[in-house]
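Notes for the structure review
Each chain, letter by letter, is given below.
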Amino acid sequence: MNRIGIKAQMDSRNDLVVDGRKVSGSAQYLTTGYRLHHGSLLFNANLDWMAQALKIDPVKQRAKHIQSVHQRTVNLIEQQPTWTAATFKEQLTQALITITHAKTSQLTAAEETHLQQIATDKFNESAVWTANTRQFDYVHKSYLTGIGVVCVAFNLDKQQRFTALKLTGDFFSNLDLQHFEHALLGQVHQETVVAPIITRELQQAPIKGLQPQQLTALLF
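These numbers come from a predicted model, not from an experiment.

With that out of the way, let us pick up unusual backbone geometry. Phi is positive for D19, close to 55°, though the residue is something other than glycine. Residue position: D19 is located in the loop between β2 (15-18) and β3 (21-31). Residue H101 is not a glycine yet carries a positive backbone phi of 60°. Note that H101 resides in the loop between α4 (85-100) and α5 (109-122). With relative accessibility at 69%, the residue H101 sits in the exposed group.

Encoded structure:
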(Lines give C-alpha, C1' and ligand atoms only; values in the text may rest on other atoms or scores of the structure.)
Protein backbone atom coordinates (compact mmCIF):
# COMPACT_ATOMS: atom_id res chain seq x y z
CA MET A 1 0.00 0.00 0.00
CA ASN A 2 2.90 2.36 0.65
CA ARG A 3 4.13 1.63 -2.87
CA ILE A 4 0.86 2.94 -4.34
CA GLY A 5 0.79 6.07 -2.20
CA ILE A 6 -1.19 4.94 0.83
CA LYS A 7 0.81 5.43 4.02
CA ALA A 8 -0.24 2.39 6.02
CA GLN A 9 1.61 0.67 8.82
CA MET A 10 1.29 -2.33 11.11
CA ASP A 11 -0.44 -1.61 14.39
CA SER A 12 -0.72 -5.06 15.96
CA ARG A 13 -0.49 -8.73 15.04
CA ASN A 14 -3.36 -8.44 12.54
CA ASP A 15 -4.19 -4.77 11.87
CA LEU A 16 -3.08 -2.16 9.34
CA VAL A 17 -3.73 1.50 10.16
CA VAL A 18 -3.61 4.86 8.40
CA ASP A 19 -3.12 7.84 10.69
CA GLY A 20 -3.87 5.63 13.66
CA ARG A 21 -7.18 4.35 12.34
CA LYS A 22 -7.79 0.80 11.16
CA VAL A 23 -8.14 0.04 7.45
CA SER A 24 -7.48 -3.69 7.51
CA GLY A 25 -7.88 -6.64 9.80
CA SER A 26 -7.30 -10.34 9.37
CA ALA A 27 -8.71 -13.35 11.15
CA GLN A 28 -8.51 -17.10 11.17
CA TYR A 29 -11.14 -19.80 11.58
CA LEU A 30 -10.09 -23.35 12.43
CA THR A 31 -12.17 -26.47 12.10
CA THR A 32 -11.26 -30.10 11.69
CA GLY A 33 -9.23 -30.49 8.51
CA TYR A 34 -9.63 -26.87 7.39
CA ARG A 35 -8.14 -23.45 8.10
CA LEU A 36 -9.74 -20.29 6.72
CA HIS A 37 -7.51 -17.21 6.89
CA HIS A 38 -8.95 -13.99 5.53
CA GLY A 39 -8.25 -10.27 5.49
CA SER A 40 -10.12 -7.11 4.66
CA LEU A 41 -9.38 -3.66 3.26
CA LEU A 42 -11.76 -0.74 3.75
CA PHE A 43 -11.77 1.39 0.61
CA ASN A 44 -15.15 3.11 0.45
CA ALA A 45 -17.35 1.23 2.88
CA ASN A 46 -20.43 2.64 4.60
CA LEU A 47 -18.94 2.87 8.09
CA ASP A 48 -22.32 3.51 9.71
CA TRP A 49 -23.69 0.25 8.33
CA MET A 50 -20.50 -1.56 9.25
CA ALA A 51 -20.66 -0.30 12.82
CA GLN A 52 -24.22 -1.61 13.13
CA ALA A 53 -23.32 -5.00 11.65
CA LEU A 54 -20.12 -5.72 13.59
CA LYS A 55 -20.22 -6.72 17.23
CA ILE A 56 -16.95 -6.43 19.14
CA ASP A 57 -16.32 -9.13 21.72
CA PRO A 58 -16.89 -7.34 25.08
CA VAL A 59 -13.70 -8.91 26.48
CA LYS A 60 -11.64 -7.42 23.65
CA GLN A 61 -13.51 -4.11 23.76
CA ARG A 62 -12.69 -3.59 27.44
CA ALA A 63 -9.08 -4.72 27.09
CA LYS A 64 -8.35 -2.47 24.08
CA HIS A 65 -10.45 0.48 25.33
CA ILE A 66 -12.45 0.54 22.08
CA GLN A 67 -15.44 2.85 22.23
CA SER A 68 -16.90 1.90 18.85
CA VAL A 69 -16.06 0.33 15.48
CA HIS A 70 -16.77 3.65 13.76
CA GLN A 71 -14.35 5.58 15.97
CA ARG A 72 -11.47 3.27 15.14
CA THR A 73 -11.82 2.82 11.35
CA VAL A 74 -11.29 4.89 8.20
CA ASN A 75 -11.75 4.41 4.46
CA LEU A 76 -8.71 4.28 2.17
CA ILE A 77 -10.46 6.55 -0.34
CA GLU A 78 -9.50 9.43 1.95
CA GLN A 79 -5.90 8.79 0.89
CA GLN A 80 -6.76 8.55 -2.83
CA PRO A 81 -10.02 10.47 -3.33
CA THR A 82 -9.91 10.31 -7.16
CA TRP A 83 -9.73 6.50 -7.26
CA THR A 84 -12.57 4.06 -7.69
CA ALA A 85 -12.55 0.70 -5.89
CA ALA A 86 -11.61 -0.93 -9.22
CA THR A 87 -8.63 1.42 -9.59
CA PHE A 88 -7.49 0.62 -6.06
CA LYS A 89 -7.77 -3.13 -6.70
CA GLU A 90 -5.79 -2.82 -9.94
CA GLN A 91 -3.06 -0.71 -8.32
CA LEU A 92 -2.75 -3.03 -5.31
CA THR A 93 -2.68 -6.17 -7.47
CA GLN A 94 0.08 -4.76 -9.66
CA ALA A 95 2.12 -3.71 -6.61
CA LEU A 96 1.83 -7.22 -5.13
CA ILE A 97 2.91 -8.84 -8.39
CA THR A 98 5.87 -6.45 -8.66
CA ILE A 99 7.02 -7.02 -5.07
CA THR A 100 6.50 -10.79 -4.90
CA HIS A 101 7.13 -11.70 -8.58
CA ALA A 102 3.93 -13.71 -8.39
CA LYS A 103 2.07 -15.08 -11.38
CA THR A 104 -1.68 -14.96 -11.80
CA SER A 105 -4.07 -17.59 -13.14
CA GLN A 106 -7.79 -18.25 -13.32
CA LEU A 107 -9.76 -21.06 -11.70
CA THR A 108 -11.31 -23.51 -14.10
CA ALA A 109 -15.05 -24.14 -14.17
CA ALA A 110 -14.46 -27.54 -12.54
CA GLU A 111 -12.42 -25.95 -9.74
CA GLU A 112 -15.14 -23.36 -9.15
CA THR A 113 -17.74 -26.12 -8.89
CA HIS A 114 -15.57 -28.13 -6.49
CA LEU A 115 -15.00 -25.09 -4.26
CA GLN A 116 -18.71 -24.35 -4.16
CA GLN A 117 -19.38 -27.93 -3.07
CA ILE A 118 -16.85 -27.61 -0.22
CA ALA A 119 -18.49 -24.36 0.86
CA THR A 120 -21.92 -26.01 0.87
CA ASP A 121 -20.79 -29.14 2.71
CA LYS A 122 -18.45 -27.61 5.27
CA PHE A 123 -19.23 -23.94 5.77
CA ASN A 124 -22.94 -23.41 5.18
CA GLU A 125 -24.73 -21.31 7.76
CA SER A 126 -26.79 -24.12 9.32
CA ALA A 127 -23.63 -26.21 9.89
CA VAL A 128 -21.96 -23.29 11.66
CA TRP A 129 -24.95 -22.68 13.91
CA THR A 130 -25.23 -26.39 14.75
CA ALA A 131 -21.55 -26.53 15.69
CA ASN A 132 -21.89 -23.58 18.05
CA THR A 133 -25.00 -24.64 19.98
CA ARG A 134 -23.36 -27.00 22.45
CA GLN A 135 -23.62 -25.83 26.05
CA PHE A 136 -20.70 -26.04 28.48
CA ASP A 137 -20.63 -25.83 32.27
CA TYR A 138 -17.44 -23.77 32.35
CA VAL A 139 -16.47 -20.99 29.95
CA HIS A 140 -13.20 -19.13 30.59
CA LYS A 141 -12.37 -16.29 28.20
CA SER A 142 -9.62 -13.67 28.18
CA TYR A 143 -8.03 -11.15 25.83
CA LEU A 144 -4.26 -11.62 25.81
CA THR A 145 -2.17 -8.76 24.40
CA GLY A 146 -0.51 -9.67 21.11
CA ILE A 147 -2.42 -12.96 20.94
CA GLY A 148 -6.11 -12.15 20.84
CA VAL A 149 -9.21 -13.53 22.52
CA VAL A 150 -8.75 -17.07 23.83
CA CYS A 151 -11.75 -19.02 25.13
CA VAL A 152 -11.79 -22.47 26.69
CA ALA A 153 -15.16 -24.10 27.37
CA PHE A 154 -15.39 -27.47 29.09
CA ASN A 155 -17.42 -29.96 31.11
CA LEU A 156 -16.25 -32.13 34.02
CA ASP A 157 -17.67 -35.35 35.42
CA LYS A 158 -18.04 -36.19 39.12
CA GLN A 159 -14.41 -37.29 39.25
CA GLN A 160 -13.38 -33.88 37.87
CA ARG A 161 -12.29 -35.33 34.55
CA PHE A 162 -12.80 -33.54 31.23
CA THR A 163 -15.79 -34.95 29.36
CA ALA A 164 -15.96 -32.20 26.73
CA LEU A 165 -13.72 -29.30 25.77
CA LYS A 166 -13.64 -26.64 23.07
CA LEU A 167 -10.89 -24.11 22.36
CA THR A 168 -11.85 -21.03 20.33
CA GLY A 169 -10.63 -17.49 19.77
CA ASP A 170 -9.24 -15.09 17.18
CA PHE A 171 -5.63 -16.19 17.64
CA PHE A 172 -3.41 -17.43 14.79
CA SER A 173 -2.23 -21.02 14.87
CA ASN A 174 -1.57 -24.25 12.97
CA LEU A 175 -3.05 -26.16 15.89
CA ASP A 176 -5.29 -29.13 15.13
CA LEU A 177 -8.11 -28.18 17.46
CA GLN A 178 -9.73 -31.61 17.49
CA HIS A 179 -6.43 -33.29 18.35
CA PHE A 180 -5.78 -30.75 21.09
CA GLU A 181 -9.24 -31.16 22.61
CA HIS A 182 -9.04 -34.97 22.52
CA ALA A 183 -5.65 -34.87 24.28
CA LEU A 184 -7.36 -33.45 27.37
CA LEU A 185 -10.52 -35.56 27.38
CA GLY A 186 -10.54 -38.01 30.26
CA GLN A 187 -7.76 -36.18 32.09
CA VAL A 188 -8.23 -34.89 35.64
CA HIS A 189 -8.81 -31.16 35.98
CA GLN A 190 -5.58 -30.54 37.87
CA GLU A 191 -2.86 -28.11 36.84
CA THR A 192 -0.07 -30.64 37.34
CA VAL A 193 -1.85 -33.02 34.95
CA VAL A 194 -2.97 -30.47 32.37
CA ALA A 195 0.20 -28.36 32.08
CA PRO A 196 2.47 -31.01 30.51
CA ILE A 197 -0.20 -31.94 27.95
CA ILE A 198 -0.72 -28.33 26.89
CA THR A 199 3.03 -27.76 26.70
CA ARG A 200 3.45 -30.81 24.47
CA GLU A 201 0.59 -29.82 22.16
CA LEU A 202 1.77 -26.22 21.75
CA GLN A 203 5.34 -27.33 21.09
CA GLN A 204 4.02 -29.33 18.14
CA ALA A 205 1.76 -26.53 16.83
CA PRO A 206 2.16 -23.16 18.59
CA ILE A 207 -0.50 -20.50 18.96
CA LYS A 208 1.23 -17.30 17.88
CA GLY A 209 2.55 -15.42 20.91
CA LEU A 210 0.93 -17.73 23.47
CA GLN A 211 2.94 -19.44 26.18
CA PRO A 212 1.72 -22.84 27.45
CA GLN A 213 1.37 -21.52 31.01
CA GLN A 214 -1.02 -18.82 29.80
CA LEU A 215 -3.38 -21.37 28.28
CA THR A 216 -3.04 -23.62 31.31
CA ALA A 217 -3.96 -20.74 33.62
CA LEU A 218 -7.11 -20.10 31.58
CA LEU A 219 -8.43 -23.53 32.51
CA PHE A 220 -8.30 -22.80 36.26
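Considering all chains together, one arrives at four salt bridges under this definition. Close ionic contact of R72 with D15 constitutes a salt bridge, the shortest N to O distance being 3.0 Å. Of the two residues, R72 sits in helix α3 (residues 69-72) while D15 sits in strand β2, which places them 57 residues apart along the sequence. With a relative accessible area of 2%, D15 lands in the buried category. Where R200 meets E201, a salt bridge forms, and the shortest distance between an N and an O atom there is 3.1 Å. On the accessibility criterion, R200 (40% relative accessible area) is partly exposed. One network of salt bridges, in which partners are shared, links D15, K22 and R72.

Below, the discussion takes up α4. With 16 residues, α4 should cover 22 Å at 1.5 Å per step; its first-to-last C-alpha distance of 22 Å lies within 8% of that length. Every buried residue of α4 is accounted for by F88, L92 and A95. Buried residues of α4, viewed axially, fall in a sector of 60°; they line one side. Across from the buried face of α4, at angles greater than 90 degrees, the exposed residues are A86, K89 and E90. H101 sits one or two positions beyond α4 and adopts a positive phi of about 60°.

Most of strand β6 (residues 148-156) sits out of view: nine of its nine residues are buried. Here strand β5 (residues 138-144) pairs with β6 via seven bridges, running antiparallel. In the strand pairing of β6, S142 is matched with V150. The antiparallel hairpin formed by β5 and β6 contains three residues in its connecting segment, where G146 sits at a positive phi of about 80°.

With that settled, consider the environment of Q214. Assignment of secondary structure puts Q214 in helix α9 (residues 212-218). Since its relative accessible area comes to 31%, Q214 is described here as partly exposed. Here the alpha-carbon distance between Q214 and L144, two residues 70 residues apart in the chain, equals 8.8 Å. Residues within four places of Q214 in sequence aside, it is in contact with L144, I147 and G209. Here the side chain of Q214 touches Q211 through a polar contact of 2.8 Å, landing on its backbone nitrogen.

Spatially, the three strands line up as an open sheet ordered β5-β6-β7, and their pairing is antiparallel. Each edge of the sheet is formed by a strand with only one pairing partner; in this case those strands are β5 and β7 (162-169). Averaged over all pairs of adjacent strands, the angle between their axes in this sheet comes to 15°, without regard to strand direction. As paired elements, β6 and β7 share seven bridges and run antiparallel to each other. Each bridged residue has a counterpart across the sheet, and for F154 the counterpart in β7 is L165.

Definitions and limits used
- Residues numbered from 1 in each chain as written.
- Predicted model: local features only at pLDDT ≥ 70, side-chain atom pairs only at ≥ 80, totals over all residues.
- Heavy atoms only, no water.
- Helix = DSSP H or I, 4+ residues; strand = E, 2+ residues; numbered from the N terminus.
- Buried < 20%, exposed > 50% of the residue type's maximum accessible area, 1.4 Å probe, protein only.
- Salt bridge = Lys/Arg side-chain N within 4 Å of Asp/Glu carboxyl O.
- Expected span 1.5 Å × (residues − 1).
- Arc of directions from axis to C-beta.
- Pairing = 2+ DSSP bridges.
- Contact = heavy atoms within 4.5 Å.
- Polar contact = N/O pair within 3.5 Å; in protein donor to acceptor, adjacent residues only side chain to side chain.
- Axes fitted to C-alpha atoms, helices over the stretch in contact; angles between N-to-C directions.

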